[in-house]
There are 2 protein chains.
Amino acid sequence: MGEFELIQRYFATAPCAQGGDGVVRGIGDDCALLAVSTGEQLAVSTDTLVAGVHFPAVCDPFLLGQRALAVSASDLAAMGATPVAFTLALTLDQADAVWLEAFAKGLQRMAAACTLALVGGDTTRGPLSMTLTVFGRVPAGQALTRSGAREGDLLCVGGQLGDAAGALPLVLGQHEAAAEISEPLLARYWSPMPQLALGQALRGQATAALDISDGLLADCGHIAKASGVALQIEAARIPLSAALCALIGHERALSCALSGGDDYRLAFTLPPERLSVIQADWPEVRMIGQVVAGRGVHLLDAAGQVIEAPHGGYQHF
Amino acid sequence: MGEFELIQRYFATAPCAQGGDGVVRGIGDDCALLAVSTGEQLAVSTDTLVAGVHFPAVCDPFLLGQRALAVSASDLAAMGATPVAFTLALTLDQADAVWLEAFAKGLQRMAAACTLALVGGDTTRGPLSMTLTVFGRVPAGQALTRSGAREGDLLCVGGQLGDAAGALPLVLGQHEAAAEISEPLLARYWSPMPQLALGQALRGQATAALDISDGLLADCGHIAKASGVALQIEAARIPLSAALCALIGHERALSCALSGGDDYRLAFTLPPERLSVIQADWPEVRMIGQVVAGRGVHLLDAAGQVIEAPHGGYQHF
C-alpha cells in the first residue's frame, strides 16, 4: 500500500480529520492552515513516543492511539489552552491494515474526547514511533506557565497520582491482579484523560502550572526553578488510589506518585483563597503543599520534618 | 547526561532558540506560544526523517541538521508562508556530545538562513530519527495550494531538478567523482535551500504550488488531481544541471528529475502573462509545460508526442 492510500484510508477519512473550529485547511496540502482569533495566541507542544521505551513494543494499537494523543494533549491542559488541532508523524515497520485501523480508531476516540482535529502529518517507514504536535488557543497573556508561583501559594494536584507507574508491571504482563484492581490502573496508563477543562478553569486563578509526566518531584522541581521558589510537599496529602495501594501497598504507591511518571495530571500553585472555588467544580483537586522562600522541592512527613527525597523523575537518557 | 541538561546545552542556548518575530514564548514550558497577527493564518507542516531510510545511518551530523530543517521549511515555501518557528523531536540511541553539537550547529545554520526560531520539541531515546514541525504565517486566503491550477496556465519549476537523487550514490559512498561534479550535487542533497522568497512572491500570482519532494511526476500528479486538470510536461524543457549530466548522462539525469525525489524546489502553475514578472527576479524559474483539460500528468517529447512515463515517485511503503 502506498503512503497516500494509507493516509487516505485510515487518517484522512477519520471524523477528526474533517476540520473543526480554527482549522482553515486540514490534511491534503503542503501545510495545514490554522486561524487564530484576535487577542488569542497559539500554544504548541510536541511529544514523541518510541516503541519499547514509552510503550510496550507489542501492545493494543487502539489503546496506543488513545494514549499517544492524550499524552500530547495534556500539555495543552497544562497551559490552560483550548484544543484546536494536532499533527501525527507515524513511523512504522510496515503498513499493517489491522494495526492501522485499530490505531486510527483509538486516536479518533481521544481526538473526539479532546475536540482536537487531525490536520496533517507524515507516515514513514522505520522502527515504530510517533510524534504528535498539538495546537491550542489561549487568550493573550493568560497562558498558565511554570514561572509564576509565589511564596504563600498552595501547591495542588488534579487528582490521584502514581496509578500509571504502578500499572506498568500489569501493562508489561509481568504481574496479574483481580479485575477491580487492574482495570482502573490499566485505564490510567492507557487512556489518561488530559485535564483540559481544569486547565482552562485555572486561567486567571493558578499562578503556575504544568502536567506531571516525569513524576511529581521532578516536575515540581521545574516549577520551583522557573518561579525562583521552594515547594514543600506534605507526603500524607498526596492522593493515592485504593486500587494502587491494594496492588503494591501504601509505601510503594507513594513512591510511584513521587517519582513514577506518566500521570498526566496537572500540578499547580494558587493563592489559598482560590482553592475552594476550584474544588467546588473539581472535588478531585487536592492541596498537597505550599510555596515557600528558597529553592528546590522538599518532602515533609506528618510532623513537618523533611524526608530524604528519593532521586526523582524519569531520566530520558 | 539527563534530557534537560542535553536540551539546555545544545538547543535551548542556540541563537535560533532566543525567539523571533511571532514567538511569545519559546523553549522551557509545557507549550510554546505563537502570536498570529490579525488577518493572518498559521501554516503548519510536519516531516519525519528516519536513519537508513531518509538519510544514511552514518553521516555528518552538521549536514543532517541542515537538511532536516530544510526539508521541512520547504513546505512553508510551497504555501507562500513567511517562516516563524519550528519544533524538533529528536530520537537518539545515545546522547553523544560531539554528534549533538554538530547537529545543533547545522540546524542553527539552516534556521538562521530561513529565519526560523526553535520553540520547543522533545528528545527521546530510540533508533535515530527526527520529526520537525514548522510554522509560518500567511495572509488569510492567500496561501498557495494545490487545487487552483486552471486550463491555460503554465507549469513552472523553481530551478534544476534531479541533482539530489543523482547525488545519492555519492552520498552513500558508492561512487566518487571529481570535486567540480560531486560538490554541487552533494550540496543539493545535504542543504537544499527552501525557496521561501519565491514562494512568498508567488502569492497572488501562482494558481497552484507545491514543493517537489517525491519526484516531479508524482508531485505534479497531486496538483493535477487536486485541481481537476491534466498537466503536460515537455521533457526537453526540464532544467538539468551540467554536473548531473556529466555524472550520469542526460537520459539518467532526466529520469532523476522525473522520479527521483528530494528536490525541494517549487513546482507551480500560473497564467502565461505572469511568467516574465516572476522570471525577472528568479531567472532560474523555468516553464516546463502547461495545464490542459483532462486528468493526470503527461510527458511529451520534442514533437509533442506523449512519452510512456516511468512509474513515478518515491513510494514510502
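Just so we're clear, the structure is a prediction, and the values are computed from it rather than from any experiment.

**Considerations on the relation of the copies chain A and chain B**
Both copies of the chain are tied together by a single rotation about an axis and a shift running along it.
Point 1. The transformation that overlays chain A on chain B combines an axial shift of 0.0 Å with a rotation of 180°, and the residual RMSD is 0.0 Å. Both copies are brought into coincidence by an operation consistent with a two-fold rotation axis. Identified as the residue of chain A closest to the rotation axis by C-alpha distance is Thr38(A), at 3.0 Å.
Point 2. The fraction of interface residues of chain A whose copies in chain B are also interface residues reaches 100%, indicating that both copies meet through the same surface.

**Considerations on helix H5 (residues 179–190) of chain A**
Residue and element names in this part refer to chain A.
Point 1. Along its 12 residues, H5 runs 15 Å from first to last C-alpha, staying within 8% of the 16 Å computed at 1.5 Å per residue.
Point 2. Those residues of H5 not exposed but buried are Ile181, Leu185, Arg188, Tyr189 and Trp190.
Point 3. Tucked into the core, H5 has its buried residues touching helix H2 (61–79), helix H4 (163–171) and helix H8 (242–248).

**Remarks on the sheet that holds strand E6 (residues 129–139) of chain A**
Point 1. Taken in spatial order, the six strands make up an open sheet running E5(A)-E4(A)-E6(A)-E3(A)-E2(B)-E1(B), and their pairing is mixed. If you trace the sheet from one side to the other, it starts and ends with strand E5 (117–125) of chain A together with strand E1 (23–25) of chain B, each paired once. With direction set aside, neighbouring strand axes in the sheet form an average angle of 25°.
Point 2. With four bridges joining them, strand E3 (residues 40–50) of chain A and strand E2 (residues 32–35) of chain B adopt antiparallel strand pairing. Paired with Leu42(A) across the bridge in E2(B) is Leu34(B).
Point 3. The sheet strands contacting H2(A) are E3, strand E4 (82–92) and E6 of chain A, and the helix crosses E6(A) at an angle near 25°.

**Overview of helix H3 (residues 97–114) of chain B**
Point 1. Counted at 1.5 Å a residue, the expected span for H3(B) with its 18 residues is 26 Å, and the 26 Å between its end C-alpha atoms agrees.
Point 2. Every buried residue of H3(B) is accounted for by Leu100(B), Phe103(B), Ala104(B), Gly106(B), Leu107(B), Gln108(B), Met110(B), Ala111(B) and Cys114(B).

**Examining the sheet that holds strand E6 (residues 129–139) of chain B**
Point 1. Taken in spatial order, the six strands line up as E1(A)-E2(A)-E3(B)-E6(B)-E4(B)-E5(B) in an open sheet, and their pairing is mixed. The sheet is open, and its two borders are formed by strand E1 (23–25) of chain A together with strand E5 (117–125) of chain B, each paired with just one other strand. Here the strands of the sheet are splayed against their neighbours by 25° on average, with no regard to which way each runs.
Point 2. On top of the sheet, helix H2 (residues 61–79) of chain B reaches strand E3 (40–50), strand E4 (82–92) and E6 of chain B; it is set at about 25° to E6(B), its chief contact.

About the cut-offs
- Residues numbered from 1 in each chain as written.
- Chains lettered and ligands numbered in written order.
- Predicted model: local features only at pLDDT ≥ 70, side-chain atom pairs only at ≥ 80, totals over all residues.
- Least-squares fit on C-alpha atoms with pLDDT ≥ 70 in both.
- Contact = placed C-beta atoms within 7 Å.
- Helix = DSSP H or I, 4+ residues; strand = E, 2+ residues; numbered from the N terminus.
- Expected span 1.5 Å × (residues − 1).
- Buried ≥ 20, exposed ≤ 12 C-beta atoms within 10 Å, placed from the backbone.
- Pairing = 2+ DSSP bridges.
- Axes fitted to C-alpha atoms, helices over the stretch in contact; angles between N-to-C directions.

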